[in-house]
Every structure is written in C-alpha cells, then in structure tokens.
Amino acid sequence: MTDSPKPWRAVASVLIGVAILAYVGCSSNKAPEAPDITPAPGDPGTDDDLAEEFENDDRQADAVLLVSGQQNGYLEPCGCTDGQTGGLGRRADLMNQLREQGRDLVPIDLGSIIADPAGSRAGPDQIRIKQGIGLEALARLGYQALALSPDDLEIGMGEFLGQYLNVPDAPPLLATNIQPAEGLEETFRASIRVEAGGLSLGILAVVDPKAITALADPEQDFYLQSVLDPAESIRRSLPALASETDLQILMVQGPSDLARSLAEAFPELEIVVGKSEYELAPARPERFHEGTTTLVLVGKKGQQVGLVDLFAATPDRPRYRRMRLDSRYDDVEPIRSLLGDEYLTRLAQNNVVEDYPRRPHPSGARFVGAETCKNCHPNTYQKWSGTKHAYAWPAIESGHRGDRTMDAECVSCHSTGFEYESGFVNAATTPHLKNQQCENCHGPGSLHVTDPMNWEYRSQMVLTREEAEQSLCIRCHDSDNDPHWDFSKRWPMVAHPKLDRYDDPKVREGLDPESLPILAAPEEASGD
C-alpha cells in the first residue's frame, strides 16, 4: 500500500471549473504515417520473451513491479481482425492472474494515456473522454503511481487536472522536478513509498522540461511555478528517499536517451523506467553499474507490459520479462464494464460522432454517395457491392462487439467522408454515406457528376495504385486495426479498371445538382 492517499483539496473545484471553461477542441488532422513496428535494435521481437536470467534462475520473487505506459489512446483493440494486441481489459486479466497466484503486485504507469489530440482519428472530445476513462482504469486496477506526462497535458493542464482530481483512488501523480503552484503541493508529488513483499520501495518520476515548454499552455503559470532540471531534482530528493527505502525506482517521461543518462548518473537507483521510441518494447533490459541499475523501456500503444521480479535479499538484482497482451488474455472486470458500457455511454451522451470537428474538402466538391456513382458506373458499383467495404457499417452496428456507432474512431473507417463537412454525420442524417464507398478513395464527386466532361473535375478523382498503397489504405488498415494487412493481396479484390463503357450520351450530360443527396452546408442549414 502507498504511504498516504491523495488528499482531496478545495482547489479541485477551482480546477474543474477552469477546465470546463478553458477546454478548446482542435480541428486539424495530421496525414497518417506508417506505424513503426520495428523491434528495438538488438531485440529478437518475440513474445513473452524470457530474459537470459530466467533460464537458470529459480528464485521466488517477493514482489512484482508491473510497468506500463504510452497507452497513446489505445484503450482496447478495435476488434476488426484477429491478431490484435494490447488493451486494458487484457491487462486486467494478466494482473488478476498474478494476484491469484499470490504475487504481491506493484503496478506503476509512465503516463501518456493519450497522445496527439489534434491528429487523432477520434477527435478532441473523444480523446478527452479517453483520458478520463484511462485514469479510471488505472484506479480500478490498483495502480500505485502515475508519472506526469506532457502527452496527457495536451488536452490542457486544467482539463487534465480536473479529470484527475475527479477520479476516486487515482494513483499518486509523480513529478519530482515540478514545483507546483500554491495549493497543488499534494497533487504533484515528488516521491512516494510503497510496501510490498517485505520491501520498501521509493518511487520518483521526472519529466523532460523541453516537453513541458513545448506545450505552450497559456495556463501553465496557474498550475506550475517552475520545471527543474531532472538530474538536480533527483539529487535533492533521492538521499532522503534512499535512507527510508530498500529499493529506489525512477520513471522518466522523456526520450530514452534521457533515461539512460539518468541511469548512468545515479548508481543509487535500482530500476529506471523510460519510454521506448518503438511500438515493441525491448525484450531485455539495459544494465548499468555492473548490473546494479536496471533500465526498462516501455513500448507504445499498451501492447505489452513489463514484469520486474523483486527480491528482498538482492534488491539490486531484479529479474525482468516483457509480456505481450494477446488473445491468451480476455477482457475481464474491473475493465470490461468500464470500456463496454460506461465508455460507450459517455461517447453517446457527448455526441462525439455528430459533433466531430469537420472541415471543408480541399477540392471544393461534396459527397454524394455510391448510389449516385452507380448512374454512370454500374459495373464498378457491382464490383464494389461484393466487397467487405460495402458492408462496413453493419460490422460496427451489429457486429461481434455490439453497437459501436457512437465511437468516432470506428465510424471514421466504416463510413464515407466522415472528417469533412459534407460527409457522414450519422445514420439518420446521412444514410447514403454509410459503409466504405467510392468517395473515400476517389474524393467527393458532386462536381464530377454534374459536369462529367470537365477534365479538371475528372482528374481530381483519379487514384493510382501507388497512391493507394503508400498513403490511403493504411489510414484504416494499419498495424493496430489490421496487423495481417497485405496490400498486394487485397488490391485485386477492390481494383476496378475499365469495367464500364461510356458511349451512352446520357453519361456525358451530368446530373441535376438539385437531385444529389448531399448534406446542406452549415450556412444553408442556418438560413444565413
């Protein structure tokens, strides 16, 4: 157990009020990038990797330190395909099993529950809700420490702190090198002490000052007096902590090189936990000071956790293994209801799909739906209607995971034109844009269908195989949603070259703009 619970402060109500007033959603979306799933250098890239010391080491651990972090908003696998990894529900299953085996478990989290709200497919409102759900999950799982993360502060310091203070039993928020504003001294903790397996553990956490500065949060001075140099703050805090504890642990919210430099600089530390730049965390830890300081790096998207066996007799000789959260683990309580019921209810109540911050399409055209395209491209339409793209919406409406139509992340890949003003809004308002249709690949077609002989409009809708392979399909068929994706195998299933003839004069006339099933522009809908 921790030395003392996080006290509730009167400042909580102030923070919550400021958070509600100050939160501003971001409307930009970054172009998708190919995910980096390369194992760390020298890493075998295998699952449940037993480090070398496991093979000939039959010691019984007195306590187990579970390290996680860099969830990056991936609370659970989307479920579209087999082979997906990660998820808080699976983590709960692993933790339940360890506790049932009698392990004295000490879970700590490096932070980064969310990442990049501005570039998220979910939109800023859903990211904000994810932050709150992630904090509640850590509390329900019995986490003993959470490092302050710049990623989590990207929704605004006031918003984050308001959410944090509203979660009963939230883990202590560690920020050793943060000097908080008056009244927040008990919210930002310099260190904590945890008792487990006959060991007294001292835990600290530092954050990269450059990352805090880069946030450029206009409210920063309201919450923080200053951000100290990480090494200097450790020098101040570590001696007293070391005199009272058997084993010292440091979490580092910053580049892995910062974690390495601090591990090298402080031989008093037995364990340092840092961020890996790779999705797959290294299978083996790094050792410093003739093996007495162990550096463990945490991978991205919560696909694995690290287990560090601790021994009272030899606290400076821990034993480590990486555990991949795959289909061997199930979604169990206390997380299953949190993600399966409470999370979805919050999404629906907050209208995250309907209120997604849409933007105009750069072509100036608007979405019309596949039924309109069918008028001149009947054979192409027939080819599309036999693909899974034509049934994408039912997969989230009544698929094996139930109704996910209130989840913007799911809707974005199971509807047409979701991120644009004339695109999908919901099934009632824009039923003609359900499923993955022609215009998700070729762009909105209103200009082309009303003036089909206009070469400029026609050229805007041309899509090459190279474009599809390099930047388009991977938006939804990424390593998380479709880990077995193989473009060369899938492309023939959807490619449709020269399936239609255009010698009928009617296809050159174009359609009446008034007949198109398009959504009215905001100014038209308001009557301005």
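Residues numbered from 1 in each chain as written. Predicted model: local features only at pLDDT ≥ 70, side-chain atom pairs only at ≥ 80, totals over all residues. Heavy atoms only, no water.

1. Considering the packing of aromatic side chains
Between two aromatic rings, the relevant description is the distance of the centres plus the angle of the planes. How we decide: Between the rings of Phe, Tyr and Trp (Trp by its six-membered ring), a pair exists once the centres lie within 6.5 Å; its type follows the angle of the planes, with under 30 degrees stacked, over 60 edge-to-face, and the other angles tilted. In DSSP terms, a helix is any run of H or I states spanning at least four residues, a strand is any run of E spanning at least two, and both are numbered starting from the N terminus.
Evaluated as defined, the whole model comprises eight aromatic pairs. Between Y356 and F418, the aromatic rings sit 4.6 Å apart at their centres with planes inclined by 45°, giving tilted as the arrangement. Residue Y356 is found in the loop between α10 (336–349) and α11 (370–373), and its partner F418 is found in the loop between α14 (408–414) and α15 (438–442); the two are separated by 62 residues along the sequence. On the basis of an interplanar angle of 65° and a centroid distance of 6.3 Å, the ring pair of W485 and F487 is categorised as edge-to-face.

2. Here's the deal with the state of the cysteines
Formally: Our working definition of a disulfide is a cysteine sulfur pair at a distance within 2.5 Å. The cut-offs for exposure are 20% and 50% of the maximum accessible area for each residue type, with area from a 1.4 Å probe on protein chains only; residues under the lower value are buried, those over the upper are exposed, and the others partly exposed.
By the definition in use, this model includes one disulfide. Linked covalently through their sulfurs, C413 and C476 form a disulfide whose S-S length is 2.0 Å. Here the disulfide of C413 and C476 is left-handed, its torsion about the S-S bond being about -95°. Linking C413 in helix α14 with C476 in the loop between α18 (465–472) and α19 (487–494), this pair joins segments that are 63 residues apart in sequence. Relative accessible area serves as the criterion here: at 11%, C413 is assigned to the buried category.

3. So, the nonpolar core
Here is the rule: The set of buried Ala, Val, Leu, Ile, Met, Phe, Trp, Tyr and Cys residues whose side-chain atoms join them within 4.5 Å is what this entry labels a nonpolar core. We call two residues in contact whenever any of their non-hydrogen atoms come within 4.5 Å of each other.
Of all hydrophobic cores here, the largest spans 67 residues; its most connected members are L66, L148, F160, L173, F188, I335 and Y343. In terms of residue count, the dominant contributor to this core is helix α4 (residues 124–140) (seven residues). Contacts of F188, omitting those with residues within four sequence positions, involve L148, L161, L173, A175, I178, P180, Y223 and L224. Listed in part, the 26 residues of the second largest apolar core include L199, L201, V296 and V308.

4. A word on the pattern of salt bridges
We count it as follows: Whenever Lys or Arg places a side-chain nitrogen within 4 Å of a carboxyl oxygen from Asp or Glu, that contact is recorded as a salt bridge.
Taken as a whole, this structure holds 25 salt bridges when the rule is applied. Its salt-bridge partner being R359, residue E419 comes within 2.3 Å of it at the nearest N-O pair. You can see E419 sitting in the loop between α14 and α15 and its partner R359 sitting in the loop between α10 and α11, a full 60 residues away along the chain. Put simply, E76, R401, R404 and D407 are held in one network by salt bridges that share partners.

5. Describing the sheet that holds strand β14 (residues 304–310)
Note the following rule: Pairing between two strands is assigned when DSSP locates at least 2 bridges connecting them. Here an angle of 0 to 180 degrees is reported between the N-to-C directions of two axes, which are lines fitted to C-alpha atoms, with helices fitted over the stretch in contact.
If you trace the seven strands from one edge of the open sheet to the other, you get β6-β4-β3-β2-β1-β14-β15, paired in mixed fashion. Strands at the two margins of the open sheet, each flanked by one partner only, are β6 (188–189) and β15 (319–324). By the bridge criterion, two bridges tie strand β3 (residues 145–147) to strand β4 (residues 173–174) in an arrangement that is parallel. Each residue of the ladder has a partner; that of L146, found in β4, is L173. Contacting β1 (63–68), β2 (105–109), β14 and β15, helix α3 (residues 88–100) runs over the sheet at an angle of about 155° to β2.

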